[in-house]
Amino acid sequence: RWRTWKSKARSSGLPGAGWPVSLAEPARRRGAFALVAGVAVYAASIALLSARGTWPLGEALLILLLMGLLFPGIAWLLLRKGPRLPAADGPATRAEWLVIALLVLIVTAWLAMGRGAVDGLFAGASPAIRETVALAGKLFIFVALPWGVMALLFGRRARDFGLGRQAFAALKGRHGAAALVLSVLLILFQWFVGAGAAPIRDGEFAPGLLAAGLSLGFIWLLLEVGLVEEFFFRGLLQQRLGVLLRSPLAGGVLAAILFGLAHAPGYVLRGAGAVEALGRTPDLLDAMAYSVAIASVAAILFGVIWGLTRNLWIGIIVHAAIDLLPNSPDLIRAFGP
């Protein structure tokens, strides 16, 4: 009977669905509490940005409507009847949680100091070399190290992170179609709404250079933001936090908040806030609030994709697509014709 309940819960994709009432109700309560807490953190962030005049309230609500409701709703419609792949749902030991906490600290240290260290060590090198070294560092810190540690200590395999052969093969069906539709819609969204796409809209680059830059930039972003961020925050954190909190929804909310806050160091230390309308020198409080208002809201889409499919390839593709237009100008300038 327990195996039947567990099978129904996995196949439905809903927290607590198919479980006995005694197990489903606590999971729903924890999920509801996490959702309320997440909304409170978001509201506080928006209130701070509005009060300090950092970001107009109207723009914030528009992003919430589009990225927090519309696109996740489209993803749900596209993927709700698709296959949901197996992942590492089993209970975690105390040792695993200690290891995950240590990995989060390592990632936090990289986000705070990693890029600055790379720029300092390779100050005399070209921007292309600095970008390449930084990418190698991110792939190691966010992917290779966590994957290796989890595989060595706890026997985690590629399919547990949504990267197995079954996940890749699923792209031939509904999963691949959904990734394509969402990618096209998000690129159009960035073209018409995103401030980062302004150099492209303004014709800063020659057509041939732009075409090459967008094509190669998409491949680059599949690694830099797609694999790096989706592996750590969805395949590892969201999955295992859902187990820790005994609620997939609670795990998704906490992972989204952490995903948002992870972007704050870049806004402060690397001048990335200029691309995001924060200016090149925002203070930490503004950067954290803006990260929650933007990146955490965007994480709703990726959390929905992961929760419905357990296929990390979809998130990798969609994540690269949403970052393509904002990041391509800097990549084209760094690597040159």
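Anything mentioned here points back to the structure above.
None of the values given here were measured: they were computed from a predicted structure.

Q: It is not clear to me how the overall build of the protein should be interpreted in this structure. Could you clarify?
A: Helix and strand content of the protein: 13 helices and zero strands. Across the protein, helices and strands are ordered from the amino to the carboxyl terminus as α-α-α-α-α-α-α-α-α-α-α-α-α. Counting across all 337 residues of the protein, residues that qualify as buried make up 47%. Of the roughly 16100 Å² that the protein leaves accessible, carbon and sulfur atoms contribute 70%.

Q: Please explain the pattern of salt bridges as it appears in this structure.
A: Between side chains of opposite charge, a pair can form when the charged atoms approach closely. In this structure the tally under the stated criterion is 11 salt bridges. Ionic pairing is found between Asp 286 and Arg 52, a salt bridge with its closest N-O pair at 3.7 Å. Of the two residues, Asp 286 sits in helix H12 (residues 284-309) while Arg 52 sits in the loop between helix H2 (21-51) and helix H3 (57-79), which places them 234 residues apart along the sequence. Exposure remark for Arg 52: the relative accessible area of 39% places this residue in the partly exposed category. Through salt bridges that share partners, Arg 115, Asp 119, Arg 130 and Glu 131 make up one connected network.

Q: Explain the packing of H3 against H12 here, please?
A: The description of two packed helices rests on the angle between their axes and on the distance between the axes. At a closest axis distance of 9 Å, the pairing of H3 and H12 adopts a crossing angle of 10°. Considered as vectors, H3 and H12 are oriented roughly parallel to each other. Contacts between H3 and H12 involve Ile 63, Leu 64, Met 67, Gly 68, Phe 71, Pro 72, Ala 75, Trp 76 and Leu 79 from the first element and Ala 293, Ile 294, Val 297, Ala 298, Ile 300, Leu 301, Val 304, Ile 305, Leu 308 and Thr 309 from the second. In terms of residue class, the contact of H3 with H12 is made up of 17 nonpolar, two polar and no charged.

Q: What should I look at first to understand the packing of aromatic side chains in this one?
A: Summed over all chains, the structure comprises 10 aromatic pairs. When the ring of Phe 71 is compared with that of Phe 189, the centres are 5.7 Å apart and the planes differ by 70°; the resulting orientation is edge-to-face. Placement of the pair is Phe 71 in helix H3 and Phe 189 in helix H7 (residues 174-193), with a sequence separation of 118 residues. Ring geometry for Trp 147 against Phe 231: centres 5.6 Å apart, planes inclined by 25°, an arrangement best described as stacked. In this pair, Trp 147 sits in helix H5 (residues 127-154) while Phe 231 sits in helix H9 (residues 207-244), placing the two residues 84 residues apart along the sequence. Counting every residue linked through ring pairs, the aromatic cluster contains Phe 142, Phe 232, Phe 233 and Phe 259.

Each value, and the rule that gives it
- Residues numbered from 1 in each chain as written.
- Predicted model: local features only at pLDDT ≥ 70, side-chain atom pairs only at ≥ 80, totals over all residues.
- Heavy atoms only, no water.
- Helix = DSSP H or I, 4+ residues; strand = E, 2+ residues; numbered from the N terminus.
- Buried < 20%, exposed > 50% of the residue type's maximum accessible area, 1.4 Å probe, protein only.
- Areas by Shrake-Rupley, 256 points an atom, 1.4 Å probe, with all protein chains shown as cover.
- Salt bridge = Lys/Arg side-chain N within 4 Å of Asp/Glu carboxyl O.
- Axes fitted to C-alpha atoms, helices over the stretch in contact; angles between N-to-C directions.
- Parallel < 35°, antiparallel > 145°, perpendicular 65-115°, else oblique.
- Contact = heavy atoms within 4.5 Å.
- Nonpolar A, V, L, I, M, F, W, Y, C, P; charged D, E, K, R; others polar.
- Phe/Tyr/Trp six-rings, centres within 6.5 Å; stacked < 30°, edge-to-face > 60°.

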